[in-house]
Amino acid sequence: MRGALGGPRVLLRRLREVMAEPVSAQDRLDKIVVLIAANMVAEVCSVYVLRVDGTLELYATEGLNRTAVHLTVMRIDEGLVGTVAREAEPVSLSNAQAHPAFSYRPETGEEIYHSFLGVPILRAGNTLGVLVVQNRAHRTYTEEEVEALQTTAMVLAEIIASGELTAMARPGAEPAARRPLHIKGLALSEGIGLGHVVLHEPRIEVTKVIADDVPGELTRLDEAIETLRSSIDAMLEDEGVARVGEHREILEAYRMFANDRGWTQRMREAVMTGLTAEGAVERVQSDTRARMLRMTDPYLRERMHDIDDLANRLLRQLTGRAGGPEKSQIPDNAIIVARNMSPAALLDYDRARVRGVILEEGAATSHLTIVARALNVAAVGHVENIVGLVDPGDAVIVDGISGEVHVRPPADVEAAYAEKVRFRARRLERYAALRDVPSVTKDGVPIELHLNAGLLVDLPHIAETGAVGIGLFRTELQFMIASAFPRTNEQLKLYRSVLDAAGDRPVVFRTLDIGGDKVLPYMRAIEEENPALGWRAIRLGLDRPGLLRSQIRALLRAATGRELRLIFPMVSAVEEFDRARHIVERELTHLRRHGHDLPERVLVGVMLEVPALLFQLEELFSKVDFASVGSNDLVQFLFAADRGNPRVADRFDSLSPASLRALKLVADVAARHGKPVTLCGEIASHPLEALALAAIGYRKLSVSPASFGPVKAMLLELDLAAASALVAPLLANGASQGSVRSRLKAFAEAAGLPL
Ligand code: PEP
Ligand code: MG
């Protein structure tokens, strides 16, 4: 920049004046390119804007033929300008025409310019366009000049992102910054949400990027970095945090970056070019993001999030603004957008206003997913860079069925989805109308419908659906969404609330089913080669009985004066059930001795989810009070196919003769012993599978709240005798090997059953 007219600071000051002038967007751009060219002592300065169709259009130029403005359009894989846009990196060349990517447009008259400096116009790591200066002479641009042009590009990013250029574009050729996006992610929680973006961790809007007083801004930056460093040190020293392994690692990474000379130096240099401290943080953050978004290494991508977090902390420090949105003041139809969030954070939002959740991360088995499903909020995960692609208030659609996300959707897409939402609402109304209709098949066989639950937010569903009871209360969910082990008192409080909400209806509490895919963030993870087959659920409970004992005590005390139903997960031998039941008896004796009131009655059952139990059914049913079939696990172990792995999900069918024979065996032996058996796995929640289960003898199903209506609607129309007559011969030995699914489907269609 040495030798330039007044240097970057003067340029930024002039740009600020232009930004404030009440002129048209085109006039503003025209003035800006003149200013930049003069300041950089360049003969040419041009602005190219990335359009929705993925091409780059010349929007303004000083030095090239003015007639080429809005006429010259280049593909992103074309020329040096395309290279800058694609790589999101500056390109600086003293002899541009010798570069293999050089391509020349006769209408611009650029053949006489030899040196070329192009920088990406970036916002939140996304390329919005390219800013170029050119000189006739073979000139080498200095590092300071590259830096200065990047700083200037920030001002252009604000103009493009504000949407003021959109009005002057032809339809279909608008600037890409505000274009509609259709992104495929991973469906996490079923449902459709239409609404407006609420950023869970909003970007701090930096309104003032141009410094009045550079030394003053440097001091502000240095002080903010210092405060940030000491706050991280303080967090690391804080005992409470230090105990949590995962947090500690993140904080260590933060500390590393906060002390990283490169990072802090880049920000200081940006201030030196004339930006405010905030402007400098944002510029370096945007460059870093752009670079890291192009990396495929998952470890480095993860580090990008750390740097992002750190930069946001720094911005908050500088602007004095607090973190997240005011959770009770979000719009009525909020779609929460986040990189990832904790279940507790989701529960903090006003449920009545949240229509959906979109995450960059997230997994089908994650705790947030569990909570989103319980809240009946549509959620989609694995949506790459969504936080950088949206602005607060943007219209957005979350399709938690297909896993699609539409950002700033076109009117026809929005109308189609609005119709879908209305259709689903009408269907829900029809289900609600069935609430008080007894669940009895058309030929008069009662099938009890219970609910699967696990959180406080599930409880209103009992009254809404008219369920017979809670067929499976997964107690581990309280543990999974907590940040530390829930104390016995907290457990007791939850169990009591559940029993209160259920009133006279039975509730089956399952003791902690942790391990396998159910990990507690605050418990030291044990490395196991095959966690699903490892030290989990009742195995852990029996080997370390302290936890199980205190949970059973909490359950017994919560059920004072009422009936308590308990089941144990992942039992694989009758002897394990005996030992678990013994713990219950000891706890009862203990409470009695200490003068506590006791439950009126305690029923103890077993989860049937390990195939070995299929060969111990006689002994088992002579001992248990009741049983519940966990088909999610039973089927995965039966077929040796991971329930959470989509690659093997299609390799077996839960309606194949092998699985139906196993399930029928359980129902038959239970009936012979006069012991109640429920099926509480996911398959009971699908109407066609529920039909099969009823046909092989199940009279109690426990389903997810959202499936209650569909399953009941099917049962009310079902001729069970006909269905049983169809299935029995298909399961007989020697019958054809194929799945029963297609036959059942044909039966259901012929009978007009709602599936
Ligand atoms: C099952 O395995 O079917 C079950 C109901 O338990 P979970 O899904 O919690 O493992
Ligand atoms: Mg299970």
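Because the structure is a prediction, the values reported are computed rather than measured. Counting from 1, residues in each chain are numbered in the order their sequence is written. Chain labels run from A onward and ligand labels from 1 onward, assigned in the order the entries are written. The model is predicted, so local features are restricted to residues of pLDDT at least 70 and side-chain atom pairs to those at 80 or more, both for listing and for counting; the totals for chains, interfaces and linings are taken over all residues. Derived side-chain values reflect all non-hydrogen atoms in the structure, with water molecules and hydrogen atoms excluded from consideration.

### Focus: helix α2 (residues 25-39)
- Put simply, DSSP H or I for four residues or longer makes a helix, DSSP E for two residues or longer makes a strand, and each gets a number counted from the N terminus. A helix's residues, less one, multiplied by 1.5 Å, set its expected span. Over its 15 residues, α2 runs 21 Å from end to end, which matches the ideal 21 Å to within 8%, given 1.5 Å per residue.
- Classification of residues uses two cut-offs on accessible area relative to the type maximum, computed with a 1.4 Å probe and protein chains only: under 20% is buried, over 50% is exposed, and between them is partly exposed. In terms of burial, α2 is a largely internal element, 11 of the 15 residues being buried.
- All of the buried residues along α2 are Ala25, Gln26, Arg28, Leu29, Asp30, Ile32, Val33, Leu35, Ile36, Ala37 and Asn39.
- Any two residues whose heavy atoms approach within 4.5 Å at even a single point are treated as in contact. Contacts made by the buried residues of α2 are with α1 (7-20), β1 (44-50), β2 (55-62), β6 (126-135) and α4 (143-161).
- Just past α2, the residue Val41 takes up positive phi, approximately 50 degrees.

### Digging into the coordination of the magnesium ion (ligand 2)
- Note on donors: an N, O or S atom is included if it sits within 2.8 Å of the metal, or within 3.2 Å for Na, K and Ca, and water is never included, so sites can look incomplete. All of the protein donors around the magnesium ion (ligand 2) are Glu609 (OE) and Asp633 (OD); their distances to the metal are 2.0 to 2.2 Å. Residue Glu609 is located in the loop between β19 (601-608) and α21 (617-623), and its partner Asp633 is located in helix α22 (residues 631-638); the two are separated by 24 residues in the primary sequence. In terms of burial, Glu609 and Asp633 fall into one category: buried.

### Comments concerning the domain arrangement of the protein
- Assigned domains of the protein: these are domain 1 (8-177), domain 2 (181-202 + 325-413), domain 3 (214-319) and domain 4 (441-751).
- Per the annotation, domain bounds derive from an automatic or database assignment of domains. Measuring from the centre of the C-alpha atoms in domain 2 to the corresponding centre in domain 4 gives 30 Å.
- In this assembly, eight residues from domain 2 lie in contact with 10 residues from domain 4.
- The term buried area refers to how much accessible surface (probe radius 1.4 Å) is lost by two components on association, counted for both of them together. With both sides pooled, the region where domain 2 packs onto domain 4 buries about 820 Å², and carbon together with sulfur makes up 73% of that total.
- The salt bridge criterion pairs a side-chain nitrogen of Lys or Arg with a carboxyl oxygen of Asp or Glu, the two atoms within 4 Å. Our enumeration of links across domain 2 and domain 4 arrives at zero salt bridges.
- When contributions to the side of domain 2 that touches domain 4 are tallied by element, the ones reaching two or more residues are α11 (343-348) and α12 (367-375).
- Sort the elements by how many residues they give to the side of domain 2 that touches domain 4 and α12 lands first, with five residues.
- Amino acid classes used here: Ala, Val, Leu, Ile, Met, Phe, Trp, Tyr, Cys and Pro are nonpolar; Asp, Glu, Lys and Arg are charged; the rest, including Gly, are polar. Along the lines of polarity and charge, the residues of the side of domain 2 that touches domain 4 split into six nonpolar, two polar and no charged.

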